[in-house]
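These are the residues of each chain, in order.
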Amino acid sequence: MPGATPTGTRAPVVNNGPRTGNKVALTFDADMTDAMLASLRAGRVKSYANLRILDLLEREQVPATFFLTGKWVRRYPDVTRRIADNPRFELANHTYGHAAFTTDCYDLPALPVDELARDVAKTFEVIKPYGGRQTRYFRFPGLCHDAAALEALAPLGVTVVDGDVVSGDPFATAWKPLVRAVLDHVRPGSVVIMHVTEANAAMTDEALPHILAGLRKRGLVPAPLSEVLGEA
Ligand SMILES: [Zn+2]
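Just so it is clear, the model here is predicted, and its values are computed rather than measured.

J.: I'm lost on the packing of aromatic side chains in this one. Help?
T.: By convention here, two paired aromatic rings are described through the distance between centres and the angle between planes. Summed over the entire model, instances satisfying the criterion amount to six aromatic pairs. Ring geometry for F101 and F140: centres 5.6 Å apart, planes at 70°, overall edge-to-face. Of this pair, F101 sits in the loop between β4 (89-93) and α5 (116-127) while F140 sits in the loop between β5 (133-138) and α6 (147-153); the two residues are 39 residues apart in sequence, bridging distant segments of the chain. F101 gets classed as buried once you look at its relative accessible area, which sits at 3%. A connected cluster of aromatic rings, assembled from ring pairs, spans F28, F66 and F89. Note that R139 overlies the ring of F67, its terminal NZ or CZ placed 4.2 Å from the centroid.

Structure below.
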């Protein structure tokens, strides 16, 4: 069968690029669930799109890569357009509605394994019309994956990107620990995980200028993920 993926083939998983050179990837996840949409509708939450992060990255001309959920794109088409229109930004896939792809992933409800590929394919279809620097990079919600999930996604030709530097920005209440978490662990080839979700990651924009300054001091230069992974 032409184009078929042999059974047992798994989507590749990467944490970082080569440890040579001076490039690092800043990645921002854009989570969106039905519960988050309900919070927006009820007025409990003002925004899950942190525009101050985009303002800063644009002003300083810093490259970044955004892992978008389909539901976030649908809720924030103008912000998605703004990301896609920036030649320094890459677009990647973070599932359609941020459900878990394994049965044991924090408190996220899990998708059945036979729906995983369809979920990711649907998300690519939602992102694609925005153009810009489209990629086949994919990140699992909560970074949770197992052999079954990786096998399910193999036919899509995605590269799973976990990352090697966890900022810990979800539900942070202070910015300094984020700066320390990043700068203590970042090195050439690193992939830094942050969030652009505002209400659920309220300190990220405050931490970011300090992170950028710390990277400069260490001689590390932010680059699009494809360049950090050596695939550009
Ligand atoms: Zn996420």
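Picking up after the structure, the text goes on.
J.: Hey, could you run me through the layout of surface pockets in this one?
T.: Rolled over the atoms, a probe sized like a water molecule indicates the empty space that remains. Taken as a whole, the largest pocket encloses approximately 560 Å³ of empty space. Lining the largest pocket we find 23 residues, and of these D31, H98, G142, P170 and H195 sit closest to its centre. Partitioned by chemical class, the residues of the lining of the largest pocket number 10 nonpolar, eight polar and five charged.

Conventions used here
- Residues numbered from 1 in each chain as written.
- Predicted model: local features only at pLDDT ≥ 70, side-chain atom pairs only at ≥ 80, totals over all residues.
- Heavy atoms only, no water.
- Phe/Tyr/Trp six-rings, centres within 6.5 Å; stacked < 30°, edge-to-face > 60°.
- Helix = DSSP H or I, 4+ residues; strand = E, 2+ residues; numbered from the N terminus.
- Buried < 20%, exposed > 50% of the residue type's maximum accessible area, 1.4 Å probe, protein only.
- Lys NZ or Arg CZ within 6 Å of the ring centre and 35° of its normal.
- 1 Å grid on protein atoms, 1.4 Å probe; cavity = no way out; pocket = protein on both sides within 12 Å on 5 of 7 lines; lining within 4 Å.
- Points joined across faces, edges and corners; volume = space filled by probe spheres on them.
- Nonpolar A, V, L, I, M, F, W, Y, C, P; charged D, E, K, R; others polar.

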